[in-house]
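What follows is each chain in one-letter form.
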Amino acid sequence: YVGCDDANILVDAGVSGTRVSRELECMGIHPETLDAILVTHEHADHIKGIGILSRKYDLPVYATEGTWQGMYHKIGAIAEKNCVIFEPDQDFFIGSIDVTPFSIPHDASQPVGYTFEVDGAKLAIATDIGAIRDSWLRHVLGSDAVILESNYDPDMLKAGRYPYELKKRIMSRHGHLSNDDAGNVAAELARNGTRQIILGHLSKENNFPELAMRTCELTLQMAGIEPHSDVMLYIANRDGNTGMFSVSARIG
């Protein structure tokens, strides 16, 4: 959920509509007040609840043309007026929030991450990313807060029970960011002014929160950046909301 005084936005809905609604209500957000659902890509763990939420609350759904083609038959009928297509790297406004979708390397049809800017403050969502590339990192740098993928520990993945082909997919340049990758991105973000990093999209099978956090902390320290002082680190919960974060513009 991303919101300000005149805009309420949901990014993805990978669990049931009932559960998404319940979690929003727990934060004091009524689902019917949402202005839009933005979709990153068409994989099931990102779109499961989108159809029911759009139909029940008459919500517009924003996605790239490739994502629409990949998900339309999975989410059920959406009112034509609520089907919004955008182009990556072209910003648009929802209320006073300037939304910029940016292309990401992932094994989906035209997937994107997002940045959100309002009153000089900037938030970025960068998950489901297969490799560190300047093409997406340049959009994220300068964000005050970033939700950053830290999906797997390479040793746990290699030793785990996933089939070989799935392991290859996850570790590929169109798969996911490892804990080590996340640490390296976090250091670059901190050097460019980011002060809140929320590590997210942790694998249930190939990671655990303490390991993701410690890997990032050590990488930051090696770069001369003090975690929890120079930059605050958090872990996004797999189940239930993680809490609300305030993002404001830096002064000076």
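Residues numbered from 1 in each chain as written. Predicted model: local features only at pLDDT ≥ 70, side-chain atom pairs only at ≥ 80, totals over all residues. Heavy atoms only, no water.

S.K.: Outline helix 9 (residues 209-222), supporting the account with residue identities and numerical values.
M.R.: Between the first and last C-alpha of helix 9 there are 20 Å, a value that for 14 residues agrees with the 20 Å anticipated at 1.5 Å per step. What helix 9 keeps buried is the set Ala212, Met213, Thr215, Cys216, Glu217, Thr219 and Leu220. Buried residues in helix 9 make contact with helix 8 (179-191), strand 11 (196-200) and strand 12 (232-235). Looking one or two residues beyond helix 9, the residue adopting positive phi is glycine 224, at roughly 80°. (Helix = DSSP H or I, 4+ residues; strand = E, 2+ residues; numbered from the N terminus. Expected span 1.5 Å × (residues − 1). Buried < 20%, exposed > 50% of the residue type's maximum accessible area, 1.4 Å probe, protein only. Contact = heavy atoms within 4.5 Å.)

S.K.: Tell me about the pattern of salt bridges, and please be specific about residues and values.
M.R.: What the rule picks out here adds up to seven salt bridges. Where aspartate 239 meets arginine 19, a salt bridge forms, and the shortest distance between an N and an O atom there is 3.2 Å. Here arginine 19 lies in helix 1 (residues 17-26) and aspartate 239 lies in the segment after strand 12, a separation of 220 residues in the sequence. Note on aspartate 239: relative accessible area 59%, which makes it exposed. With a closest N to O distance of 2.4 Å, aspartate 107 and arginine 169 form a salt bridge. A residue pair is termed long-range when its members are at least 10 positions apart, and aspartate 107 in the loop between strand 7 (97-103) and strand 8 (112-118) and arginine 169 in helix 7 (residues 164-171) qualify at 62 residues. We classify aspartate 107 as partly exposed; its relative accessible area is 31%. (Salt bridge = Lys/Arg side-chain N within 4 Å of Asp/Glu carboxyl O.)

S.K.: Give a detailed account of unusual backbone geometry, specifying residues and quantitative values.
M.R.: Of note, the phi angle at aspartate 12 is positive, near 65°, even though the residue is not glycine. You can see aspartate 12 is positioned in the loop between strand 2 (7-11) and helix 1. Judged by its relative accessible area of 11%, aspartate 12 falls in the buried class. The backbone of aspartate 128 shows a phi angle near 55°, a positive value even though the residue is not glycine. With respect to the helices and strands, the residue aspartate 128 is situated in the loop between strand 9 (121-126) and helix 5 (134-140).

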